[in-house]
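Understanding the architecture of this molecule
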Amino acid sequence: MLRRDDDTAEAQGRPTGPTGLRGGRMLSLLAAALLILAPAAAHAYIGPGAGFALVTSFLSFVIAFFAALFTLLTYPIRIIVKRIRRKRIPGTPRARKVVVLGLDGLDPDICERLMSKGELPNLSSLASTGSFRRLGTSTPAMSPVAWSTFSTGTDASGHGIFDFLSRDPSTYAPVLSSSRVKPPERVLKLGPFRIPLGGGSVTSLRRSKSFWKILGEYGIFSTILRVPITFPPERFEGVMLSGMCVPDLRGTMGSFTYFTEGGGDEPEGESGGQPAGAEEKIGGFVIQLERVGDALRASLPGPENPVGEGTLSLPLEARIDGKRGGADIRISSSRFFLAQRVYSPWIELRFRAAPGVTLRGIARFYITSLEKPFGLYVSPIHIDPEKPAMPISHPGYYAVYLAKRQGPFGTLGLAEDTWAVNEQVLDGWAFIDQAYLFHRERERMFLDSLRRMRKGFAACVFDISDRMQHMFFKYLVEGREDSEEERAYRKALYDMYREMDRLVGETRTLAGEDAALVVMSDHGFKSFRRGVDINAWLASEGYLEWKEEATGGEYLADVDWSRTKAYALGLGGIYLNRRGRERDGIVGREKADVLKEDITRGLLALTDGPGGTSVVSRIFNPEKDFSGPYRNEGPDLIVGLQEGYRISWNCARGKRGDTVTLDNTRSWSGDHCIDPELVPGVLFSNLRCAAEKPNIIDIAPSILRLFGIDPPGYMTGTDIFGGEAGAVEPRSTKRPKG
């Protein structure tokens, strides 16, 4: 069966994720015994705030009926054991109910601007009757780092997440920083089938223990919805739907498919070659449709076959109906009419791998153009929440329950398809429509959970505020000579802030007057005008050497490791090529400190052209600037850039470039992966905040204190809602609903 790395994880004081992956229906005993786990290959993608795709496509089949029967029969015993093991709350609780509404990326400057105009009445009410502060973010200022800090009350050196990705020093290959997957060590080949033998595992790499798991040890139930870096879902006293880093059915962090008849300009990007017959783009594939009579045909690539060879696919057929302004689409067992520029509902996709073995996903379809070239966008194939092929919730049936109650919903961790816009497959308005579809799904889940909540803890993180600012932040520069369309995008961003305010009002109403409410963001935003290629700078200074014959490959494929002293990977990390740590390391321990000082000095002096503006604001040395037990597991240096800059696309992907600073020409025009001091988030609450400069690291210990629980020693934050004033009750006030 699938294995959990529980012993090691618990010894490190970190949560563990369940790794039993359920099939959509009960299989025969033989199939359940043999087809346990099958890895599928996938390409890696990285985008700023868009994540990294690792080989994470797993399939496991369990006998659901017997598992459910066992759970039912042992329920009374488990309840008794839980009560015996439950800890006593040592202090006096200040709240029976605490709610956290996470609005990813909500910026304090924009909030203040709109509040001054009276356009955010619910946030203004919280600020006037409770508190409003700028909330310091994590170092580095990236979503996986910040939300891990929120969950654990520790910095990166305490929870071990320093970036979206890390690297394997034995190969220099990038690896996802938040989770690790291990396929079975042995596979039995029977004709065309591969039967995995032994166990496999998927494990969370986030160290320390989440505060909701601590709450559970005291018998306090929690509902955790889409909080980033919760994949795989952990076991605790409550329910969870995982967020950022849940892969799609292909095992990537989200890869779209774009079908076109050809004859026009194709989306920009770089060709790859997987799957067969598709042109790979950053974040997806472009596939040419073949005309057969009045039908356009192609195949939709799915996951790799978990029990055989090759990639599974489904035949797709489109018949254009100009009179009705759309096309009839046939795929899998579904036939539907799709109007131009209107998203389809979720369409079920069934990929048959073997007799009795079917992988189920869901996707939305969108016709970009009926005129030649005909264009049909298919979203990343989300794991079907009704029949999940890998763990996306705790308990495992919670995703099924939500789907049965509210209908199918997106499960991909980074659901909004930013790369489809970057690659000019979708325009901005199609992206906004998509983002709101995901937003409404999450809103229904969250508000429904609040209606049923009587006590305990609930948290939900909404992503639309982050994703829309990434794509349209440049339009917030007011007063310039811009077009009507640019002004419309600016209005759309401000409308999104008003939508967040409305959500705050709904949350307050449903949470009730007796709830302690925290509305927060993990970071703010700044413009991303210029990219910085740290590897190009390292090469120009002689710290990194490229191979004489470049291949143009990604992820440092062109680096000559025998002559390289330092290299950059991810969105701000610099690693020394250390002897005894990296495979071909050449930097000895005795020279490491001097090398770091030289690189720091050089980068702090870097300007954007001769006599230009400063590019780097600060350089962090985790070995000296952090105190946690995992400070040496991340980068050797962390670059904090000035406003207006961000690590360039080539540098983030590990591709060779010769220009240190260059214009950012992609749609992605806003970011936060810079000096953390420049991008604080927001903190609104109906509680008085005793700290003038709270930090996201303070949230976890503050919530534990609200429930009368002493934070564990590894949490380095403070109680921002208590302080010397003692117990603080939520303030009761009339509030507008916006």
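Residues numbered from 1 in each chain as written. Predicted model: local features only at pLDDT ≥ 70, side-chain atom pairs only at ≥ 80, totals over all residues. Heavy atoms only, no water.

**Some points on the overall build of the chain**
When its secondary structure is counted, the chain shows 18 helices and 37 strands. By the burial criterion, 62% of the 738 residues in the chain qualify as buried. (Helix = DSSP H or I, 4+ residues; strand = E, 2+ residues; numbered from the N terminus. Buried < 20%, exposed > 50% of the residue type's maximum accessible area, 1.4 Å probe, protein only.)

**Side note on the side chain of Asp-463**
In this structure, Asp-463 sits in the loop between strand S27 (456-462) and helix H12 (464-472). A relative accessible area of 5% means that Asp-463 is categorised as buried. A polar atom in the side chain of Asp-463 sits 3.0 Å from the side chain of Arg-442. Apart from residues no more than four positions distant in its own chain, Asp-463 is found in contact with Asp-104, Gly-413, Glu-416 and Arg-442. (Polar contact = N/O pair within 3.5 Å; in protein donor to acceptor, adjacent residues only side chain to side chain. Contact = heavy atoms within 4.5 Å.)

**Focus: the packing of helix H5 (residues 121-129) against helix H13 (residues 484-511)**
When two helices pack together, their arrangement is given by the angle between the helix axes and the distance between those axes. Between H5 and H13, the shortest axis-to-axis distance is 7 Å and the interhelical angle comes to 60°. It follows that H5 is oblique to H13 by the angle criterion. Packed against H5, whose contacting residues are Pro-121, Asn-122, Leu-123, Ser-125, Leu-126 and Thr-129, the element H13 presents Asp-501, Arg-502, Val-504, Gly-505 and Arg-508 at the interface. Here the contact of H5 with H13 is built from residues that sort into four nonpolar, four polar and three charged. (Axes fitted to C-alpha atoms, helices over the stretch in contact; angles between N-to-C directions. Parallel < 35°, antiparallel > 145°, perpendicular 65-115°, else oblique. Nonpolar A, V, L, I, M, F, W, Y, C, P; charged D, E, K, R; others polar.)

**Considerations on unusual backbone geometry**
The linkage connecting Thr-139 with the following residue, Pro-140, adopts the cis geometry, with an omega of -5°. Looking at the element boundaries, Pro-140 is found in the loop between strand S4 (131-135) and helix H6 (143-152). Put simply, Lys-372 and Pro-373 share a cis peptide bond, and its omega is 5°. For Pro-373, the location among the structural elements is in the loop between strand S23 (365-369) and strand S24 (375-378). Not every positive phi belongs to a glycine, and Arg-341 is a case in point at roughly 60°. With respect to the element layout, Arg-341 can be found in the loop between strand S20 (334-339) and strand S21 (347-354). We note that Tyr-555 has phi near 55°; this positive angle belongs to a residue other than glycine. Among the secondary structure elements, Tyr-555 is positioned in the loop between helix H14 (534-540) and strand S30 (566-569).

**A few points about the packing of helix H11 (residues 428-452) against H13**
Where H11 meets H13, the axes come as close as 11 Å, and the angle between the chain directions of the two elements is 5°. Accordingly, the angle class assigned to the pair H11 and H13 is roughly parallel. The residue makeup of the contact of H11 with H13, split by class, is 14 nonpolar, three polar and eight charged.

**Regarding the packing of aromatic side chains**
The description of an aromatic ring pair rests on the distance of the ring centres and on the angle between the ring planes. By the definition in use, this model includes 27 aromatic pairs. Where Phe-132 meets Phe-684, the ring centres are 4.3 Å apart and the plane angle is 10°; that geometry is what we call stacked. With Phe-132 in strand S4 and Phe-684 in strand S37 (residues 681-685), this residue pair connects regions lying 552 residues apart in the sequence. For the pair shown, Phe-132 and Phe-684 are each scored as buried. Aromatic side chains Tyr-172 and Trp-561 sit 3.6 Å apart centroid to centroid with 10° between the ring planes, which places their arrangement in the stacked category. Residue Tyr-172 is located in the loop between strand S5 (165-168) and strand S6 (173-176), and its partner Trp-561 is located in the loop between H14 and S30; the two are separated by 389 residues in the primary sequence. Residue classification places Trp-561 among the buried positions, given a relative accessible area of 9%. Three or more aromatic residues link up through ring pairs in this structure, and these residues are Trp-147, Phe-150, Phe-211, Trp-212 and Phe-457. (Phe/Tyr/Trp six-rings, centres within 6.5 Å; stacked < 30°, edge-to-face > 60°.)

**Quick notes on the nonpolar core**
With 111 residues, the main nonpolar core has Leu-349, Phe-365 and Met-468 as its most contacted residues. Counting residues per element, this core draws most heavily on H13, which supplies 10 residues. Once residues within four sequence positions are removed from consideration, Leu-349 is found in contact with Leu-300, Leu-314, Ile-331, Ser-332, Leu-359, Arg-360, Gly-361, Ala-363, Phe-365 and Ile-381. Ala-141, Leu-538, Leu-641 and Ile-674 belong to the second largest nonpolar core, which has 56 residues in total. (Core = buried A, V, L, I, M, F, W, Y, C linked by side-chain atoms within 4.5 Å.)

**Some thoughts on the sheet that holds strand S33 (residues 637-641)**
Spatial ordering of the open sheet is given by S30-S31-S33-S32, a layout of four strands whose pairing is antiparallel. The open sheet has two edge strands with one neighbour each: S30 and strand S32 (616-620). Going across the sheet, the axis of each strand differs from the next one's by a mean of 25°, ignoring polarity. Bridging between S30 and strand S31 (residues 573-576) involves four bridges; their strand directions are antiparallel. Considered in S31, the bridge of Leu-569 is made with Gly-573. Together, S30, S31, S32 and S33 form the strand contacts of helix H15 (residues 589-604), whose direction differs from that of S32 by roughly 165°. (Pairing = 2+ DSSP bridges.)

**Considerations on the environment of Leu-544**
When you line up the elements, Leu-544 lands in the loop between H14 and S30. We classify Leu-544 as buried; its relative accessible area is 1%. The spacing of Leu-544 and Ser-562 is 18 residues in sequence and 9.8 Å in space, taken between C-alpha atoms. Setting aside anything within four residues of it in sequence, one finds Leu-544 in contact with Asn-535, Leu-538, Ala-539, Val-559, Thr-564, Ala-566 and Tyr-567.

**What to know about the confidence of the model for the chain**
Summary statistics for the chain give a mean pLDDT of 86 and a share of 84% for residues scoring 70 or more. When the criterion is pLDDT under 50, residues 1-64 qualifies, and its contacts beyond four places in sequence or with other chains add up to 220 contacts. A low-confidence stretch, residues 263-274 stays under pLDDT 50, and its non-local contacts, those more than four residues away or across chains, total 27 contacts. (pLDDT = per-residue confidence, 0-100.)

**Observations concerning the side chain of Ser-131**
Locating Ser-131 in the fold gives a position in strand S4. According to the relative accessible area criterion, Ser-131 is buried, its value standing at 2%. The residues contacting Ser-131, other than those within four sequence positions of it, are Leu-126, Leu-683, Phe-684, Ser-685, Leu-687, Arg-688 and Cys-689.

**With respect to the sheet that holds strand S3 (residues 97-103)**
The strand order across the open sheet built from eight strands is S4-S37-S28-S3-S27-S11-S12-S26, with neighbouring strands paired in mixed fashion. This sheet does not close on itself; its edge strands, each paired only once, are S4 and strand S26 (393-394). Two elements, strand S28 (residues 515-520) and S37, share three bridges in a ladder whose sense is antiparallel. When the bridges of S37 are listed, Met-520 appears paired with Leu-683. Across the sheet, helix H4 (residues 108-116) is in contact with S4 and S37; its angle to S4 comes to roughly 150°.

**Things to note about H12**
In terms of burial, H12 is a largely internal element, nine of the nine residues being buried. Those residues of H12 not exposed but buried are Ile-464, Ser-465, Asp-466, Arg-467, Met-468, Gln-469, His-470, Met-471 and Phe-472.

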